[in-house]
Amino acid sequence: MENALWNGQKLIATEVAKKSYEYEKSVRMASARGELQCPDAECRHRRLCYRNGEKVSAYFAHCELEDGSCDYAAFDRENTGIIRKTAQRLYHHFREMGYAVCPEVKLLPHHYTHLVLENCEGIKIALELGSKHMRAPELDYFLKEYQALHMPVQWFFVGNPNTIFQEKQTYFLKRSLLYESENQSLLVIEPDGEQITQFKQDLSDYNFEEALMVSDHDMFIMQGTIADLIVEDTNIVLKGFTQHYEEYLNEGQQKYTASVNKILEQRQQLQKQNAQLNPRNAYIVSMANTEGNIIHQIITADNPAAAFQASMEIIKETGNTFLDVQSRLEWKPRVYDCKSFSFSGKDGQIDLQCGLCGALGSSIGKCKPAYKRRPENCSMFAPWEV
């Protein structure tokens, strides 16, 4: 136990010996006379004794056997030596920073808070320490009680700060703090040392059309020591944590944007390639020639097959037009009279016959024409034959 009352004044065990030899002697004498009292008003055996030695740091304890009636004694039994030492290190750190800090304060019914810190605005913050043994009903009770008091609470998980864990496979207290603490972060403090690791999830949605674009960006981790802890509003964080976490979020958004843009660019390239292969997507301009006949100008992107197929489609649909087929290849514009072609067949099959050389060819739907024989000197088919 850290606290005791002596003549109406509050004593803190770890501070007694630090004041002076004479002061510690006077407290020991008061303890022997039975003048030190338990600060819990409901305690039935309020007499305390002061203890301090080489193996165990200073503390107060009930002098008489306990019957379980004192909440402070019950808290002290559950407050392991590791938890007590960790709380003492935090206590001294924030005291050195100039904050008003009180250890082991009874704020909730039948419960003592490890530390209560008052920030620069005069707002009191409860500092609680827990371990893997914390059960869900117990934690839920604490969170609701502090909420009812309108008091912010900062939890510390006492454990190995170097353990990298999965959010869905860890101790309940760890996972709960990632969701239910005020700033949704987790502070893990080393049991017998100074090291601290702070964790916070990146809850951004990195899915694009049900596919995860950023897979290695779910948990931000920052390490430091107790000396790096600062107070930001009503939160306890490592110095620089908030800024680095924002940078981490921005990095994730940049990765996501780059991944999505890459997919969209690939789609555009694919659509462009498909457009070049699709005769319906060829660029067609209709115009009248000097004799009043309609001429269709077909302009494709380096794709003679698309130009040829577009030509066949226009001939089939218009019947009596002229074609002006152009491409970015080194072709000379040609104008062909549709009367040079004859058509037969059904169900999308077109039988073609060159009116100049008599060559036969066929095309099914939008497939590339397959020629039965190759006329070497025919200007009608040779430019498009593959």
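The model shown is predicted, which means the values in this text are computed figures rather than measured ones.

Cut-offs and rules
Residue positions are counted from 1 within each chain, in the order its sequence is given. The predicted origin of the model limits local features to residues at a pLDDT of at least 70 and limits the giving and counting of side-chain atom pairs to 80 or more, whereas totals for whole chains, interfaces and linings rest on all residues. The side-chain quantities take in all heavy atoms of the structure and omit both hydrogens and water. Interaxial angles span 0 to 180 degrees and are taken between N-to-C directions of axes, which are lines fitted to C-alpha atoms, for helices over the stretch in contact. A run of H or I in DSSP becomes a helix once it reaches four residues, and a run of E becomes a strand once it reaches two; helices and strands are each numbered from the N terminus. Each angle receives one of four descriptions, namely roughly parallel if under 35 degrees, roughly antiparallel if over 145, roughly perpendicular if within 65 to 115, and oblique otherwise. Working rule for handedness: look at the near helix, and if it is turned counterclockwise from the far one by less than a right angle, call the crossing left-handed; if clockwise, right-handed. Residues are treated as being in contact if the distance between any of their heavy atoms lies within 4.5 Å. Think of it as three bins: nonpolar holds Ala, Val, Leu, Ile, Met, Phe, Trp, Tyr, Cys and Pro, charged holds Asp, Glu, Lys and Arg, and polar takes everything else, Gly as well. Here a strand pair is declared whenever DSSP counts at least two bridges between the two strands. Each salt bridge in this description consists of a side-chain nitrogen of Lys or Arg and a carboxyl oxygen of Asp or Glu lying within 4 Å of one another. Relative accessibility under 20% of the residue-type maximum defines a buried residue, over 50% an exposed one, and the middle range a partly exposed one, all with a 1.4 Å probe and only protein chains included. For a helix, the expected span equals 1.5 Å multiplied by the residue count minus one. In this description, one arc is meant: the one made by directions from the helix axis to the C-beta atoms. Put simply, a nonpolar core is a bunch of buried Ala, Val, Leu, Ile, Met, Phe, Trp, Tyr and Cys residues held in one set by side-chain atoms that sit within 4.5 Å of each other. Ring pairs shown here join Phe, Tyr and Trp side chains whose ring centres sit within 6.5 Å, with only the six-membered ring taken for Trp; geometry is labelled stacked below 30 degrees between planes, edge-to-face above 60, and tilted in between.

**Some points on the packing of helix α5 (residues 136–148) against helix α6 (residues 172–180)**
And then number 1: In contact at an axis separation of 10 Å, α5 and α6 are set at 30° when each is read in the N-to-C sense. Relative to α6, the element α5 lies roughly parallel. Judged by the twist between their axes, the crossing of α5 over α6 is right-handed. Contact residues: A136, L139 and L143 in α5; F172, L173, S176 and E180 in α6.
And then number 2: Class assignment for the residues of the contact of α5 with α6 results in five nonpolar, one polar and one charged.

**Remarks on the pairing of strand β1 (residues 3–6)**
And then number 1: Direction of pairing for β1 relative to strand β2 (residues 9–12): antiparallel, over a ladder of four bridges. Its bridge partner being in β2, A4 is matched across the sheet by L11.
And then number 2: Hairpin connection from β1 to β2: two residues lie between these consecutive antiparallel strands, with N7 at a positive phi of about 55°.
And then number 3: Pairing between β1 and strand β3 (residues 36–37): two bridges, direction antiparallel. What sits directly across from W6, in β3, is L36.

**Digging into the pattern of salt bridges**
And then number 1: For the structure on display, the rule yields 10 salt bridges.
And then number 2: Its salt-bridge partner being E209, residue R267 comes within 2.5 Å of it at the nearest N-O pair. Of this pair, R267 sits in helix α7 (residues 241–277) while E209 sits in the loop between β12 (207–208) and β13 (211–212); the two residues are 58 residues apart in sequence, bridging distant segments of the chain.
And then number 3: A relative accessible area of 51% places E209 in the exposed class.

**Points about helix α2 (residues 21–32)**
And then number 1: Taking 1.5 Å per residue as the helical rise, α2 with its 12 residues ought to reach 16 Å, and the 17 Å between its terminal C-alpha atoms agrees with that figure.
And then number 2: Those residues of α2 that sit buried are E24, V27, A30 and S31. Seen end-on, α2 carries its buried residues on one side only, within an arc spanning 120°. Across from the buried face of α2, at angles greater than 90 degrees, the exposed residues are Y21, E22 and A32.
And then number 3: Looking at the packing, one finds that the buried side of α2 touches β1, β2, α1 (13–19), β3 and β4 (48–51).
And then number 4: One or two positions beyond α2, positive phi appears at G34, with a value near 80°.

**So, the nonpolar core**
And then number 1: The biggest cluster of nonpolar side chains holds 30 residues, and the ones touching the most others in it are L90, F94, L117, F156 and L229.
And then number 2: Grouped together as the second largest cluster of nonpolar side chains are 20 residues, M1, W6, V16 and L36 included.

**Considering the packing of aromatic side chains**
And then number 1: Taken as a whole and judged by the stated rule, the model has 13 aromatic pairs.
And then number 2: Between Y72 and F75, the aromatic rings sit 6.4 Å apart at their centres with planes inclined by 35°, giving tilted as the arrangement. Separated by three residues within a single helix, Y72 and F75 lie in helix α3 (residues 71–78), roughly one turn from each other. Of the two residues, Y72 and F75, both sit in the buried class.
And then number 3: Judged by centre distance (5.6 Å) and plane angle (55°), the rings of Y141 and F142 are tilted.
And then number 4: With relative accessibility at 31%, the residue Y141 sits in the partly exposed group.

**Quick look at the sheet that holds β3**
Hydrogen bonds between backbone atoms are what pair the strands of a sheet, whose relative direction is either parallel or antiparallel.
And then number 1: Here three strands make up an open sheet; going across it, the order is β2-β1-β3 and the pairing antiparallel. Of all strands in the sheet, those with a lone pairing partner are β2 and β3, marking the two edges.

**Quick notes on α3**
And then number 1: Three or more residues of α3 are buried, namely D71, Y72, A73, F75 and D76.
And then number 2: Elements that come into contact with the buried residues of α3 comprise β1, β5 (59–62), α4 (81–96), β6 (100–108) and β7 (111–118).

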